[in-house]
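# An overview of the molecular structure
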Amino acid sequence: MSDFPRTLFVETTTRCNLACPMCVKNAPGWRGGEGHMAWEVFERLEPAFAHAQTVILNGMGEPLLHPDLPRMIALTKARQPKDGWCGLQTNGLLLTEARAQELVLAGLEACCLSVDGDAASFGHGPGQEGTAARGVSLLRAAAARCGRNIRLGAEFVLMKSNAAGLPGLVDWAAELGLDFLLVTHMLPAGPAQEGEALFHPCSSAAIAYFARFQPRAEALGFGLSELARTAMKYNRNAAEEALLDLAREMRQGALAEGLWLDMERLVRTDFAQLDELAGLFALARRRAAAAGLDLRLPELSAPDTDRRCAFVEGNAACIDWLGNVSPCQFLWHGYACSLYGESKRVHPTQFGNICATPLADIWRAPEFRVFRELARAGEYAPCGDCSTGLCSDIRGDVPFERDCLGVTVPCGHCPWAVGQLMCLGSEPNQNAR
């Protein structure tokens, strides 16, 4: 395990010039505050930059709003290892020719511009069409003038209303000459947005296992969605008894295979939608491969057993605008969201503040080290397959203490650990699949 964080996510600001409805910052329950990181706070990170291969200036705000952003990049690059890189994520609305040149001259090496809309606009709503293309053009021209290299990419939040445009987005990114395209599912900020979410929280193994029994239930004249109603009947006919026998067989088989089954969620599975999305992903991958575009796609559903934390594996630390140190972006702030169809309150997990303690000392402290070891082990509960719903610890009714397996890190329900969410610097490269 590294003696220093190798990846730093530094929140330059929580202020933003947009109010995207899918952002938890704009939902009731946000507790991250509003403000810019003070230069004196950022300077506290200077010793840590010497050990950081990756420094990403992002967070819950728009980094281009910070007046010291070029200065921050310059300090980072002055201290980073020669093979390290510094990047940021932005909506691009504030990019100008002068601003782009400032960033490139300061040493910016990667920029990810957010896009939404359909293949005809790729902007940020009416009046902002073509924002990303304009930003790419400005940054590319600045890099050419300054004799620098910069990796350029785009980030896209996948929703039911825009998923059909994914192959077109790949074509657009390739035509624009982008280096990478990052696609992430949304995290619903509230119940009203759940209908737009496409990620299936059950594991792929549980979904496939359940699908094997559906034809047998239909052969009896039922669907597995009839189980609850059938179980409550006092007088059952032979077909209904056979359906309950099938359910017992399914439960026993799942137990033997070590699977958790959330029957209520599984019976609501839209298999046609899953198949359609898998087809869109396959088409997008083929087009990206043909164009030489680095395409990074999220999971369709939770992985079977290999739940991995990109933050822990990348030896990452997240520093908020006030200097508080967290292990990952999921636990960076206090906010509310909708998880697995239920309301969830996320409590921030912080191990110190760089204004009081050097980051290296916070990183090496026993409580932070143990947290990373437990998260890396991946032995936490598979919350997406749990048939009892979110427990009070997971809902966040009280600050998290332990899950139902006794593990003391709140990672079983983390949307990053199951591949639902990705961001610059935390995403695995899945093109090799």
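Throughout, residues of each chain are indexed from 1 in the direction in which the sequence is written. For this predicted model, a pLDDT threshold of at least 70 governs which residues receive local features, and a threshold of 80 or more governs which side-chain atom pairs are given and counted, while totals over whole chains, interfaces and linings are taken from all residues. Where side-chain values are given, they derive from all heavy atoms of the structure, hydrogens and water being excluded.

This part takes up the packing of aromatic side chains. Classification of ring pairs uses Phe, Tyr and Trp, with its six-membered ring standing for Trp, and accepts pairs whose centres are within 6.5 Å; under 30 degrees between planes counts as stacked, over 60 as edge-to-face, and the remaining range as tilted. Using the criterion set out here, one finds nine aromatic pairs in the structure. Relative to Phe-271, the ring of Phe-210 has its centre 6.3 Å away and its plane inclined at 5°; by these criteria the two rings are stacked. On the criterion of sequence distance, the pair formed by Phe-210 in helix H7 (residues 204-219) and Phe-271 in helix H11 (residues 271-291) is long-range, its members being 61 residues apart. Ring centres of Phe-351 and Phe-371 lie 5.5 Å apart, and the angle between their planes is 70°; on these two criteria the pair is classed as edge-to-face. Only runs of H or I of at least four residues qualify as helices and only runs of E of at least two qualify as strands under DSSP, and these elements are numbered from the N terminus.

A positive phi angle, near 50°, is found at Asn-315, a position not held by glycine. Summarising the element assignment, Asn-315 is placed in the loop between helix H12 (310-313) and strand E10 (316-319). Residue exposure (1.4 Å probe, protein chains only): buried if accessible area is under 20% of the type maximum, exposed if over 50%, otherwise partly exposed. Owing to a relative accessible area of 14%, Asn-315 belongs among the buried residues under this scheme.

Confidence along the chain averages 91 in pLDDT terms, with 94% of residues attaining 70 or more. Confidence of the predictor in every single residue is expressed as pLDDT, which spans 0 to 100. Contact between two residues is taken to exist if any of their heavy atoms lie within 4.5 Å; hydrogens are not considered. Low pLDDT, under 50, characterises residues 429-433; the predicted model gives this stretch 10 contacts beyond four residues in sequence or across chains.

Below, the discussion takes up helix H14 (residues 366-377). Expected helix span is taken as 1.5 Å per residue step, with the number of steps being one fewer than the number of residues. The first and last C-alpha atoms of H14 sit 17 Å apart over 12 residues, in line with the 16 Å expected at 1.5 Å per residue. For H14, the full list of buried residues reads Phe-368, Phe-371, Arg-372 and Ala-375. Taken down its axis, H14 places every buried residue within 95° of arc, on the same side. By arc we mean the arc of the directions from the helix axis to the C-beta atoms, nothing more.

Another point: the nonpolar core. Among the nonpolar cores identified, the biggest contains 106 residues, and Leu-8 and Phe-42 are the most heavily contacted of them. Ranked by residues supplied to this core, first place goes to helix H5 (residues 131-146) with six residues. Residues in contact with Leu-8, not counting those within four places in the same chain, are Ala-48, Phe-49, Ala-52, Thr-54, Val-55, Ile-56, Ala-317, Ile-319 and Leu-359. Core analysis: the second largest hydrophobic core is formed by 21 residues, Cys-202, Tyr-209, Leu-227 and Leu-261 among them. By nonpolar core is meant a set of buried Ala, Val, Leu, Ile, Met, Phe, Trp, Tyr and Cys residues that side-chain atoms within 4.5 Å join together.

On to the environment of Thr-13. Note that Thr-13 resides in the loop between strand E1 (7-10) and helix H1 (39-43). It is 13 Å that separates the C-alpha atoms of Thr-13 and Ile-56, two residues lying 43 residues apart in sequence. With near-sequence residues (within four places) excluded, Thr-13 lies in contact with Gly-35, His-36, Met-60, Gly-61, Glu-62 and Pro-63. A polar atom in the side chain of Thr-13 sits 3.0 Å from the backbone nitrogen of Arg-15. Identification of polar contacts relies on pairs of N or O atoms within 3.5 Å, with a donor-acceptor requirement for protein atoms, meaning one able to donate a hydrogen and the other able to accept it, and with residues adjacent in sequence counted only if both atoms are side-chain atoms.

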